[in-house]
Amino acid sequence: MRAIVGGILLSVLFGSGLALAETGRIGEIRERLTSANHWRDHVMVVAHRAGGLQARKSRFPENSRAALADAISVGVEMVEIDVQKSSDGTYVVMHDTWLDRTTDCRGQVAERKLAELRACRLVVEASGIPADETIPTLAEYLEAARGRIMVNIDNKLAPGELVGMTQLAERLGLADHVVVKLNLWNEERIAEAHRLIGLMPRGITFMPIVADDAVRDPALLERVASAVSADAVELIAWHGDGQPMTPDGGPLFGARARAVAVRGGWHLWVNTYAIVNKSAGMLAGGRGDQLAVEADLPDEAFGFWVDRGATIIQTDEPSAAIRWLDANGYRRPYASGARQAAAR
């Protein structure tokens, strides 16, 4: 978030090719994140649960370091991960409050000490086969991402825990790698966001989430983005069972949303990933990953949202998204990638 990061300083820093070379991959990603109006011809990709749900959950455990490594290898800019807390106060990377679905252990995360959680192996959900990995701590995950990819933390605890998570990132020297978020829909929630931001370290990026079940006027969308100096706003286009696919993106996507995004200099972020036991594309007006990959209609999913101004896509299918975006001219190469290729 520019209010925390100090966007003027960053824009000066990244004005020189020398400074960009010195900052490497994370510096390049942050430049594209914090300078949206300079990069509207490049669509960034975020791997949901680190990309562990791709190919019908058959390749990696979700939120695993194996999924993280794969996301890095295909050029994803950011992984989204979920954070819970052990009974002795350590942040761990885990989506559910229970261990049963994603590990070979049983019971609640919050009732286990870290030493107990370290004995739980992650499983590849489609097969139920335990992997070699155990549950990572947030600190371990951030270290694995160091210098290579940004991390979007989905906090599964009380909002105030965001402060502790961001302080952990600062202690590791990785505050500039982290994006945190909160759902905002009225002035009270905006005030809560301000309070939390005031407690977070410098360098952390804060992103509001705005969903069209609660916010239907782009004027409030603009108010939210302005109030927290957003670099990106995660927009939810809800889609109910039995409803047709959205023809226009709903109340928050469209010409007016693009106008306020350009005026504010921030990205429109869309989620195309699936929610278990819900209709396909529930977060994307019916135009989600299943339509893109399983129905082989990426133009009607990824293409639809890009046409409506989305410049960040969070997906369960990061490889497929990047392939389509590359093929259709929506990705611009990174200098760090060229340097790495030359070194090989």
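Check the entry above for the structure.
Because the structure is a prediction, the values reported are computed rather than measured.

About the cut-offs
Residues numbered from 1 in each chain as written. Predicted model: local features only at pLDDT ≥ 70, side-chain atom pairs only at ≥ 80, totals over all residues. Heavy atoms only, no water. Buried < 20%, exposed > 50% of the residue type's maximum accessible area, 1.4 Å probe, protein only. Helix = DSSP H or I, 4+ residues; strand = E, 2+ residues; numbered from the N terminus. Pairing = 2+ DSSP bridges. Salt bridge = Lys/Arg side-chain N within 4 Å of Asp/Glu carboxyl O. Axes fitted to C-alpha atoms, helices over the stretch in contact; angles between N-to-C directions. Parallel < 35°, antiparallel > 145°, perpendicular 65-115°, else oblique. Left-handed = near helix turned anticlockwise from the far one by under 90°. Contact = heavy atoms within 4.5 Å. Nonpolar A, V, L, I, M, F, W, Y, C, P; charged D, E, K, R; others polar. Disulfide = S-S within 2.5 Å. Phe/Tyr/Trp six-rings, centres within 6.5 Å; stacked < 30°, edge-to-face > 60°. Lys NZ or Arg CZ within 6 Å of the ring centre and 35° of its normal. Core = buried A, V, L, I, M, F, W, Y, C linked by side-chain atoms within 4.5 Å. 1 Å grid on protein atoms, 1.4 Å probe; cavity = no way out; pocket = protein on both sides within 12 Å on 5 of 7 lines; lining within 4 Å. Points joined across faces, edges and corners; volume = space filled by probe spheres on them.

(A) Examining the pairing of strand β1 (residues 44-47) more closely. Across the two faces of β1 the burial is the same, with M44 and V46 and V45 and A47 all buried. Examined bridge by bridge, β1 and strand β2 (residues 78-85) share two bridges and lie parallel to one another. When the bridges of β2 are listed, A47 appears paired with V79.

(B) Representation of the pattern of salt bridges within the structure. The full count for this structure, using the stated rule, is 25 salt bridges. Here R263 and E222 are joined by a salt bridge, their closest N and O atoms 2.9 Å apart. With a gap of 41 residues between them, R263 in helix α11 (residues 255-264) and E222 in helix α10 (residues 218-227) connect regions that are remote in the sequence. For E222, a relative accessible area of 25% translates into the label partly exposed. Here the residues in one salt-bridge network are R49, K57, E62, D82, D96, R101, E125, D154 and K156, joined through shared partners.

(C) The packing of α10 against α11, seen in detail. α11 packs onto α10 with a crossing angle of 20 degrees between their chain directions and a minimal axis gap of 10 Å. Relative to α11, the element α10 is oriented roughly parallel. In the packing of α10 onto α11, the handedness of the crossing is right-handed. For the pair α10 and α11, contact is made by P218, A219, L221 and E222 and by R256, A257, V260 and R263, respectively. Across the contact of α10 with α11, the residue classes break down as five nonpolar, no polar and three charged.

(D) Molecular detail of unusual backbone geometry. Here R49, not a glycine, exhibits a phi torsion of approximately 50 degrees, which is positive. Positionally, R49 belongs in the loop between β1 and α4 (54-57). In this structure, K57 takes a positive phi of about 65 degrees despite not being glycine. A relative accessible area of 22% places K57 in the partly exposed class.

(E) A look at the state of the cysteines. Under the defined criterion, the tally for this structure stands at one disulfide. Across the disulfide, C105 is cross-linked to C120 (sulfur-sulfur distance 2.2 Å). Judged by the sign of its S-S torsion, about -105 degrees, the cystine formed by C105 and C120 is left-handed. Of this pair, C105 sits in the loop between β3 (91-93) and α6 (114-117) while C120 sits in the loop between α6 and β4 (121-124), and the two are 15 residues apart along the sequence. For C105, a relative accessible area of 14% gives the class buried. Classification of C120 as buried rests on a relative accessible area of 0%.

(F) Quick look at helix α14 (residues 318-327). The buried fraction of α14 amounts to seven of the ten residues, a majority that puts the element mostly inside the structure. For α14, the full list of buried residues reads P318, S319, A320, A321, I322, W324 and L325. Among the structural elements, β1, α4, α5 (65-74), α12 (289-294), α13 (298-307) and β11 (310-315) are those in contact with the buried residues of α14. Taken from the residues just after α14, G329 is the one with a positive phi, measuring 80 degrees.

(G) Structural context of the packing of α13 against α14. With their axes 11 Å apart at the nearest point, α13 and α14 run at an angle of 70 degrees to one another. On the basis of their axis angle, the class for α13 and α14 is roughly perpendicular. Residues P298, D299, F302, G303 and V306 of α13 form the contact with α14, whose participating residues are A320, A321, W324 and L325.

(H) Representation of helix α8 (residues 161-171) in the model. When we look at burial in α8, the residues that qualify are L162, V163, G164, M165, T166, L168 and A169. Where α8 terminates, the next one or two residues include G173, which has phi positive at roughly 75 degrees.

(I) Just the packing of aromatic side chains, in detail. Overall, the coordinates contain three aromatic pairs when judged by the stated rule. Measuring from centroid to centroid gives 4.7 Å for F253 and W305, while their planes differ by 55 degrees, and the two rings are tilted. A residue pair is termed long-range when its members are at least 10 positions apart, and F253 in the loop between β9 (232-236) and α11 and W305 in helix α13 qualify at 52 residues. Aromatic side chains F304 and W305 sit 4.9 Å apart centroid to centroid with 85 degrees between the ring planes, which places their arrangement in the edge-to-face category. Residue class for W305 comes out buried when judged on its relative accessible area of 0%. Aromatic rings pair up to connect F253, F304 and W305 into one cluster. We note R25 situated over the ring of Y334; from NZ or CZ to the ring centre the distance is 4.2 Å. One Lys or Arg, R32, reaches over the ring of Y334 and ends 3.7 Å from the middle of that ring.

(J) Fine view of the nonpolar core. Ranked by internal contacts, the top residues of the largest apolar core, which has 73 residues, are V79, I81, L138 and F206. Sequence-distant contacts of I81, defined by excluding residues within four places in its chain, comprise A50, N63, V93, L138, Y141, V151, N152, I153 and D154. By size, the runner-up hydrophobic cluster in this structure holds 13 residues, among which are M44, M78, M150 and I312.

(K) Seen up close, the layout of surface pockets. The calculated volume of the largest pocket comes to roughly 500 Å³. Around the largest pocket sit 27 residues that line it, and D154, K156, I209, E234 and Y273 are the ones nearest its centre. When contributions to the lining of the largest pocket are tallied by element, the ones reaching two or more residues are β2, β6 (150-155), β7 (178-183), β8 (205-211) and β9. For the lining of the largest pocket, the element with the most residues is β7, which contributes three residues. Of the residues that constitute the lining of the largest pocket, the class distribution is 13 nonpolar, five polar and nine charged.

No statement about biological role is implied by the geometric values presented.
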